[in-house]
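What follows is each chain in one-letter form.
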Amino acid sequence: MACDAWRDKLDAYLDGELAPADARELSVHTRGCAACAADALERVQLKRSVAAAGRRYEPSAQLRASILKSVSAKPEKRMGWRWAIVAVPVLSVVILSALVQSYYGRENVRRQHVYSELADLHVATLASTTPVDVVSTDRHTVKPWFAGKIPFTFNLPELQGTEFTLLGGRVTYLAQTPGAQLIYQVRKHEVSVFIFQDRGEETAALPSGPLKALSFNVENWTQNGLRYFVIGDVGPDDIQSLSKLLRAAG
Amino acid sequence: MEVPDKRLSATTFEELALPLFDQLYNFARWLAQDTAEAEDLVQETYVKALRGFSSFQVGTNFRAWMYRILRNSFLSSRTGLKTTVAFDEEEHEAVTSVESPTPETLLIGQADREMVQQALEELPVYFREILLLCEVEEMSYQEIAETLSIPPGTVMSRLSRARKGLRKVLQEKMRGGQHGV
């Protein structure tokens, strides 16, 4: 196939919308064709620039509160299984598109880098004989403990009536930036919540949303200038429930 | 985000709709180019969506549904009515192949964040919105089609033209910058 024909498919390829067979062929072609590879690189850069530039506006706390008020429903029975039904197809789509895109996407490489670092931190913490520096199930003990140790403050949710227990916290670092790591337990599984200031190059351009990285389920989002990561070996529904609690508190 | 269950409750709505809040606001702010208006749009979207949730078609894409409500609210707002979203297309025309990268286009990757933001602001709404849905929201072509109520085939050609448009604005900016200071 001539280069022109490939070029027409480059955008769909980089958007993860090309059929797998075509994507494989195109990947082989770009490895051998400097002109198409340069073109692909330019397009990836443009995609990345728009992704970074487009994440620009944060809603005010006031608006968040008013939306919360207008939609919040009366507490009802847990419907975790429903979340699984919702989350599994979403996750598989995310994973699939991530797979296709990762042929060519420095974005992905960087994202993977962040996630694998977080996974390392999570695993290393659990393996440690002293996983947490402040041992307490009380958020009112854990939160003030961080004062003066990290350059920001955050709110933790009330866990009464949920399946989660707070085990404690410790100071951690991602890309030379200090942050808080909180360990929660749900049905004998530990889940780490990482909170960093959202200004590091490493984390600023990361897209929010659920993901499966290195067999861990991960959720991340930004809120009030902070970047939250929730990571653990539990199912996506547990990750989502914990994320929801944290979002509501933050 | 498919909702397979028939009994859609207020709790389900909350669980589905709240995680979209930050992104919806970002998108609204880009559309409206004004904070107060963006806040109104997001409010309106949640109110309309909650009210219409019972009629939400089970099995269709929830995220696309929310974005569609937001976008329609914008289009019927005062600012929205002033913007032309209906642009008579060469939409059905085949996507013309893109020129080979010149040294100039290769520089685009180095445009800084602020410059890209300005360029996005200058683009017409129909280009800006599709770029944001694709790159920022990472929507699939199918989801974009549902959000914008256009055929999936049109998504690719409009995206291609939006990217061309963005490149053009960026090139002009970079050229201007060189002669400027």
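Residues numbered from 1 in each chain as written. Chains lettered and ligands numbered in written order. Predicted model: local features only at pLDDT ≥ 70, side-chain atom pairs only at ≥ 80, totals over all residues.

K.L.:
Could you clarify how one ought to interpret the overall build of chain A in this entry?
P.N.:
A count of helical and extended segments in chain A gives 9 helices and 7 strands. Across the 250 residues in chain A, those meeting the buried criterion constitute 36%. Taking all contacts inside chain A whose residues are at least 6 apart in sequence as the whole, residues at least 24 apart take part in 61%. (Helix = DSSP H or I, 4+ residues; strand = E, 2+ residues; numbered from the N terminus. Buried ≥ 20, exposed ≤ 12 C-beta atoms within 10 Å, placed from the backbone. Contact = placed C-beta atoms within 7 Å.)

K.L.:
I would appreciate a short explanation of the nonpolar core in the present structure.
P.N.:
In a soluble, globular protein the nonpolar side chains are often hidden away together inside. Grouped together as the largest cluster of nonpolar side chains are 53 residues, with contacts concentrated most on Leu24(B), Ala28(B), Met66(B), Leu70(B), Ile130(B) and Leu131(B). The element contributing the most residues to this core is helix α8 (residues 125-136) of chain B, with 9 residues. Ignoring any residue separated from it by four or fewer positions in sequence, one finds Met66(B) in contact with Ala17(B), Leu20(B), Leu24(B), Thr45(B) and Ala49(B). Within the second largest apolar cluster, 30 residues are counted, among which are Leu182(A), Ile183(A), Tyr184(A) and Ile195(A). (Core = buried A, V, L, I, M, F, W, Y, C linked by C-beta atoms within 7 Å.)

K.L.:
Quick question: what am I supposed to make of helix α9 (residues 141-148) of chain B here?
P.N.:
Think of an α-helix as 3.6 residues a turn; residues three or four steps apart then line up on the same face. Inspection of α9(B) places Glu143(B), Ile144(B), Glu146(B), Thr147(B) and Leu148(B) among the buried residues, and these make up the whole buried set. Positive backbone phi, approximately 50°, marks Ser149(B), located one or two places after α9(B).

K.L.:
Where do I start with the confidence of the model for chain A in this structure?
P.N.:
Predicted coordinates in regions of low pLDDT should not be interpreted in detail. Looking at chain A as a whole, the pLDDT averages 82, with 83% of positions reaching at least 70. Overall, residues 74-78 of chain A carries pLDDT values under 50, and its contacts beyond four positions in sequence, including any with other chains, amount to 2 contacts. (pLDDT = per-residue confidence, 0-100.)

K.L.:
Hey, could you run me through the pairing of strand β4 (residues 189-197) of chain A in this one?
P.N.:
Two faces, one strand: in a regular strand the side chains alternate between the faces of the sheet. Residue and element names in this part refer to chain A. Of the pairings in the sheet, the one linking strand β3 (residues 177-186) to β4 comprises 7 bridges and is antiparallel in character. Bridging across to β4, tyrosine 184 finds its partner in valine 191. Counting the residues in the hairpin turn of β3 and β4 gives 2 residues, including arginine 187, whose phi is positive at 45°. Relative to strand β7 (residues 226-232), β4 is paired through 7 bridges, and the arrangement is antiparallel. Its bridge partner lying in β7, isoleucine 195 is registered against tyrosine 228. (Pairing = 2+ DSSP bridges.)

K.L.:
Help me understand the environment of Arg199(A), please; the structure alone is not making it clear to me.
P.N.:
Counting through the fold element by element, Arg199(A) comes out in the loop between β4 and α8 (201-204). Spatially, the C-alpha atoms of Arg199(A) and Thr177(A) are 9.4 Å apart, while their sequence positions differ by 22 residues.

K.L.:
Before we go on, may I ask you to explain unusual backbone geometry in this structure?
P.N.:
The phi angle of most residues is negative, glycine excepted, and most peptide bonds adopt the trans form. All names here are of chain A. In this structure, arginine 187 is a non-glycine residue whose phi angle is positive, near 45°. You can see arginine 187 is positioned in the loop between β3 and β4. The class for arginine 187 is exposed, based on 9 C-beta atoms found within 10 Å. Backbone geometry at asparagine 224 places phi at a positive 50°, although glycine is not the residue there. Residue position: asparagine 224 is located in the loop between β6 (216-223) and β7. Look at asparagine 224 and you get partly exposed, because 15 C-beta atoms sit within 10 Å.

K.L.:
I'm lost on the confidence of the model for chain B in this one. Help?
P.N.:
Residue and element names in this part refer to chain B. Per-residue pLDDT for chain B has a mean of 82; in total, 76% of the residues score no lower than 70. At the low end of the mean pLDDT range in chain B sits helix α6 (residues 103-107), at 58; at the high end sits helix α2 (residues 21-32), at 96. Below a pLDDT of 50 lies the segment residues 90-98, which in the model reaches 12 contacts outside its immediate sequence neighbourhood of four places, other chains included. As a predicted assembly, this complex carries a pTM of 0.56 together with an ipTM value of 0.85.

K.L.:
Looking at this structure, how should I read α8(B)?
P.N.:
Between its terminal C-alpha atoms α8(B) stretches 15 Å, which fits the 16 Å expected from 12 residues at 1.5 Å a residue. A positive phi of about 50° marks Glu138(B), the residue just after α8(B). (Expected span 1.5 Å × (residues − 1).)

K.L.:
How do you make sense of the packing of helix α4 (residues 62-75) of chain B against α9(B) when you look at a structure like this?
P.N.:
Two packed helices can be described by the angle between their axes and the distance between those axes. All names here are of chain B. Two elements in contact, α4 and α9, have axes whose closest approach is 8 Å; the angle formed by their N-to-C orientations is 35°. Helix-helix and strand crossings are classified by hand; for α4 and α9 the assignment is right-handed. Contact residues: Arg63, Ala64, Tyr67, Arg68 and Arg71 in α4; Glu143, Glu146 and Thr147 in α9. Partitioning the contact of α4 with α9 into residue classes produces 2 nonpolar, 1 polar and 5 charged. (Axes fitted to C-alpha atoms, helices over the stretch in contact; angles between N-to-C directions. Left-handed = near helix turned anticlockwise from the far one by under 90°. Nonpolar A, V, L, I, M, F, W, Y, C, P; charged D, E, K, R; others polar.)

K.L.:
Just checking my understanding: could you explain the pairing of strand β2 (residues 164-174) of chain A for this structure?
P.N.:
Residues and elements named next belong to chain A. Bridge count for strand β1 (residues 134-135) against β2 is 2 bridges, and the pairing is antiparallel. In the sheet register, valine 135 faces β2, and the bridge partner there is glycine 168. Taken together, the 10 bridges between β2 and β3 define a ladder with antiparallel strand orientation. Residue pairing across strands places tyrosine 173 opposite proline 178, the latter belonging to β3. Linking β2 back to β3 in an antiparallel pair, the connection comprises 2 residues, with alanine 175 at a positive phi of about 50°.

K.L.:
When you look at the packing of α2(B) against helix α3 (residues 35-52) of chain B in this model, what are you seeing that I'm missing?
P.N.:
Residue and element names in this part refer to chain B. Closest axis-to-axis distance for the α2/α3 pair is 8 Å, and the angle between their directions is 130°. In terms of orientation, α2 lies oblique with respect to α3. Relative to α3, the crossing made by α2 is right-handed. The segment α2 lies against α3, with Leu24, Tyr25, Ala28, Arg29 and Ala32 engaging Thr35, Glu37, Ala38, Leu41, Val42 and Thr45. Of the residues in the contact of α2 with α3, the class split is 7 nonpolar, 2 polar and 2 charged. (Parallel < 35°, antiparallel > 145°, perpendicular 65-115°, else oblique.)

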